[in-house]
Amino acid sequence: MGWAPRRDRSYFWTAFLAALVFLVIGLFRTHQVVKKTRGRRSLHPPMETITEIQLVEDATFAGVRNLHGRLVSTYDRSKPRGKRLCPT
Amino acid sequence: MTETVTGFSKRFFVQLGSLLALHSNWGPEVLKGFCNPVLSCHSCPLSWFACPIGVFIHFSGYHVFPFFALGTVLLLGTLFGRLFCGWVCPFGFLQDLLYKIPSKKIEIPHWTTNIKYLVLLLGVFLLPYYLGEMTPFSFCRICPAAALQVTAPGLIQGWAHPEGAVFWAKAALLLFVLMFAVLHSRFFCKVICPIGALLAPLNMLSLWVVKPATSHCVICRKCCQTCPTDVKPTERILKGIPPSRTPDCVLCHECQTVCPVPDKPGKKKNPIEKRKRPGKAPSHEGAKGPPLAT
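Keep in mind that what you see is a predicted model, and the values were worked out from it rather than measured.

**Concerning the overall build of chain B**
- Within chain B one finds 13 helices and two strands.
- In chain B, which comprises 294 residues, the share counted as buried stands at 55%.
- Residue pairs at least 24 apart in sequence account for 71% of intrachain contacts in chain B once pairs closer than 6 positions are excluded.
- Only carbon and sulfur atoms are counted for the fraction: they give 70% of the accessible area of chain B, which is about 13400 Å².

Structure follows, in structure tokens:
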């Protein structure tokens, strides 16, 4: 076991910095998703803002779907929920 | 690193510990926002982390670039390469156990190891991007880990039903993979696994490497015989390259453990080789293939 020799580390640092940039962008990025509402659909549905980490979490149980180019919540975020299964 | 403890390697205990710890009901729900680069279906209620493949498929369907998930996988991959495949992945652990079943073992052509890149490109990125995240042509729909962790318990409990082509394709792939895991070590990791395809290039630059156990290789090829992914560590040790600098190495460190001539201070020699006189010509008996030119 061990760390790579110093002469091998230039590619590592490039990839490592790219990973950090991706992580920082992901940490601060937010997404607009259409709120799940009951009743009639409107042209201007209520939107809510979620972080990318929330979007990752939603991806684990299809909590958000892409409907005609819009991200749409499939559940009411204001209500408490337990662990959910992914329908795929 | 992988010395045996009562017949089992330390890696076995780490794999077992990871399986039990990361697949238990007391895991906090908030961790599902983070990807663990191992093949473990996040649809399993016991799973703590998100599966990067499932997340990439959904993000491809959303037409959103997965900065956070890709950043996590890239960060862990650049630091540790495929160490998670060898030490943490529950599906890899299952394959390691299945390969211990006594049976005829087979070789597979080396070109088949490139199939996993096609699986990653098509099943994880392109098809979900064009057909949507719920497409039956995504990798998730046929994932053998999902079949084992979610579909099989669902069938037993009665909430999953054996119907549809997707179900049978998933079941067939699971059986195929389990059967080949008995015949060929880490078949799925080498040929199909899309997480392996993601992490494989990072093995070439990762900070964590398997250092050669010796600077005086006697070409006994014990490392080649022990290697679960058959990546021929001897060839790289002779060139002075870390044995793990190859896409298919899962950094199990078995090649270090079996080396009969480790030159690390304080490390004991393999008891079988202790009686060898220094300077004795290496024996190629039992080696796979012809000896390497030095």
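There is more to say, and it comes next.
**Details of the domain arrangement of chain B**
All names here are of chain B.
- As assigned here, chain B comprises domain 1 (10–203) and domain 2 (209–260).
- Measuring from the centre of the C-alpha atoms in domain 1 to the corresponding centre in domain 2 gives 26 Å.
- Where domain 1 abuts domain 2, roughly 1200 Å² becomes buried across the two surfaces, and 45% of that area is made up of carbon and sulfur atoms.
- In terms of surface lost to domain 2, no three residues of domain 1 exceed R11, K190 and N203, which account for 42% of the buried area on that side.
- Here domain 1 is connected to domain 2 by three salt bridges.

**What to know about the packing of helix α1 (residues 10–22) of chain B against helix α5 (residues 90–99) of chain B**
All names here are of chain B.
- Relative to each other, α1 and α5 sit at 135 degrees, their axes nearing to 9 Å. Relative to α5, α1 is oriented oblique. Crossing of α1 against α5: the hand is left-handed. The segment α1 lies against α5, with R11, F12, Q15, L16 and L19 engaging P90, G92, F93, D96 and L97.

**Some points on α5 of chain B**
- For α5 of chain B, the buried fraction is high: seven of the 10 residues fall into the buried class.
- Structurally, α5 of chain B contributes buried residues whose contacts are with α1, α7 (144–157), α8 (165–183) and α9 (187–191) of chain B.

**A few points about the side chain of S244 of chain B**
- Looking at the element boundaries, S244 of chain B is found in the loop between α12 (233–238) and α13 (254–258).
- Sequence-distant contacts of S244 of chain B, that is, excluding residues within four places in its chain, are made with N203, V209, V210, C249 and L251 of chain B.

**Some details on the packing of helix α2 (residues 52–62) of chain B against helix α3 (residues 67–80) of chain B**
All names here are of chain B.
- Across the interface, α2 lies against α3 with an axial gap of 10 Å and an inter-helix angle of 150 degrees. Here α2 is positioned roughly antiparallel relative to α3, judged by the angle of their axes. The interaxial crossing formed by α2 with α3 has left-handed handedness. Here P52, V55 and F56 of α2 come into contact with α3, specifically with A69, L70 and V73.
- By residue class, the composition of the contact of α2 with α3 is six nonpolar, no polar and no charged.

**What about the interface of chain A and chain B?**
- With 40 residues of chain A at the contact, the number on the chain B side is 49 residues.
- Across the interface of chain A and chain B, roughly 4100 Å² is buried in total on both sides, 68% from carbon and sulfur atoms.
- At the junction of chain A with chain B, the criterion picks out one salt bridge.
- The closest approach of N and O atoms between E133 of chain B and R65 of chain A, which form a salt bridge, is 3.9 Å.
- Along the contact surface separating chain A from chain B lie seven residue pairs in polar contact (both at pLDDT 80 or more).
- The set of elements that each furnish at least two residues to the side of chain A that touches chain B consists of α1 (9–28), α2 (52–59) and β3 (64–67) of chain A.
- Ranked by the residues each element gives to the side of chain A that touches chain B, the list is headed by α1 of chain A, at 13 residues.
- Its residues assigned to classes, the side of chain A that touches chain B comprises 24 nonpolar, seven polar and nine charged.

The rules behind each value
- Residues numbered from 1 in each chain as written.
- Chains lettered and ligands numbered in written order.
- Predicted model: local features only at pLDDT ≥ 70, side-chain atom pairs only at ≥ 80, totals over all residues.
- Heavy atoms only, no water.
- Helix = DSSP H or I, 4+ residues; strand = E, 2+ residues; numbered from the N terminus.
- Buried < 20%, exposed > 50% of the residue type's maximum accessible area, 1.4 Å probe, protein only.
- Contact = heavy atoms within 4.5 Å.
- Areas by Shrake-Rupley, 256 points an atom, 1.4 Å probe, with all protein chains shown as cover.
- Domains from an automatic or database assignment.
- Buried area = accessible area lost by both parts, 1.4 Å probe.
- Salt bridge = Lys/Arg side-chain N within 4 Å of Asp/Glu carboxyl O.
- Axes fitted to C-alpha atoms, helices over the stretch in contact; angles between N-to-C directions.
- Parallel < 35°, antiparallel > 145°, perpendicular 65-115°, else oblique.
- Left-handed = near helix turned anticlockwise from the far one by under 90°.
- Nonpolar A, V, L, I, M, F, W, Y, C, P; charged D, E, K, R; others polar.
- Polar contact = N/O pair within 3.5 Å; in protein donor to acceptor, adjacent residues only side chain to side chain.

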